[in-house]
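# Remarks on the overall topology
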Amino acid sequence: VVGDEKTLLFDLAVNQEGLWDYACSLTDKPVQLVLSHGHVDHIGAVNFFKRMFGTKIYLGALDAKMFREHPELALVQESTDYMDELFVPDVEIHEGDKIKFGNTEVEFHEAPGHTEGVISCFFDVTDGKETKRVGYYGGFGFNTLQKSFLLEIGDTNYSMRETYLRSIEKVINEKVDIFMPNH
């Protein structure tokens, strides 16, 4: 999302060569980054952006807590990139937060399931003629809802599955013209 003063990116995937060049091809404005959740396949290039360009990082508060208390759940140890490591976000996002990124206000909702700190967000974009509502649901990954994974992390009652369903119920009625997937 290219705003008047800054550009907002969502999730950076892995630390891929050329990612910064690609971001620069989109905009010459400073970049801020919203992460849908704290798994390594969404945070891989964060440290590069943060160290090299001072990019401000936003992450769900519960995943920031996960980084502090259970870093293994970020799955960094499964990365093939030895540069991947955790970080401290600049802003921890909570349920109902509304944050202005230049001329774009983003409304955030906690949507746990894929991780406890998954966030979903909603915001308006315009091309000058028409305004559209964008929705970004941060965690459709069913791999972390499988029995084997839930048992591995100690969820013997599989309660995260119910949590996931409640998360979908919370946002399913949001009016969205454009759905922005992350996988």
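Placed above this text is the structure.
Overview of the structure. Within each chain, residues carry numbers counting from 1 in the order of the written sequence. Local features are withheld for residues below a pLDDT of 70 in this predicted model, meaning they are given only at 70 or higher, and side-chain atom pairs are given and counted only at 80 or more; totals for whole chains, interfaces and linings count all residues. Only heavy atoms go into the side-chain values, all of them from the structure, while hydrogens and water stay out.

Secondary structure is summarised from DSSP: a helix means a run of H or I of at least four residues, a strand means a run of E of at least two, and numbering begins at the N terminus for each. Structurally, the position occupied by Thr 55 is in the loop between α3 (46-53) and β3 (56-60). Separated by 3.2 Å, the side chain of Thr 55 and the backbone oxygen of Phe 49 make a polar contact. Not counting the four nearest positions on each side in its chain, Thr 55 is found in contact with Val 31, Gln 32, Leu 33, Phe 49, Lys 50 and Asp 90. We call two N or O atoms a polar contact when they sit within 3.5 Å, provided that within protein one can donate a hydrogen and the other can accept it, with sequence-adjacent residues counted only if both atoms are side-chain atoms. Two residues form a contact once any of their heavy atoms are found within 4.5 Å.

For the rest of this paragraph, the subject is the packing of aromatic side chains. To pair, rings of Phe, Tyr and Trp, with the six-membered ring standing in for Trp, must have centres within 6.5 Å; the planes then decide the type, stacked if under 30 degrees apart, edge-to-face if over 60, and tilted in the middle. In the structure shown here, the tally under the stated rule is seven aromatic pairs. Judged by centre distance (5.7 Å) and plane angle (75°), the ring pair of Phe 48 and Phe 53 falls under edge-to-face. Its relative accessible area of 34% is what places Phe 53 among the partly exposed residues. Chaining the aromatic ring pairs together yields one cluster made of Phe 10, Phe 123 and Tyr 136. Exposure classes here rest on a 1.4 Å probe applied to the protein chains alone. A residue is buried below 20% of its type maximum, exposed above 50%, and partly exposed in between.

Below, the discussion takes up the nonpolar core. Formed by 22 residues in total, the largest nonpolar core has its most connected members in Leu 12, Leu 33, Leu 35, Ile 43, Val 46, Phe 67 and Phe 87. Where this core is concerned, the elements lending two or more residues are α1 (19-26), β2 (31-35), α2 (40-43), α3, β3 and α4 (61-69). Once you skip the residues sitting within four places of it in the chain, Phe 87 turns out to touch Leu 35, Ile 43, Val 46, Asn 47, Ile 57 and Phe 67. Only buried residues count toward a nonpolar core, which is a set of Ala, Val, Leu, Ile, Met, Phe, Trp, Tyr and Cys residues joined through side-chain atoms within 4.5 Å. Membership of the second largest hydrophobic core comes to 14 residues, among which are Leu 8, Val 34, Tyr 58 and Ile 93.

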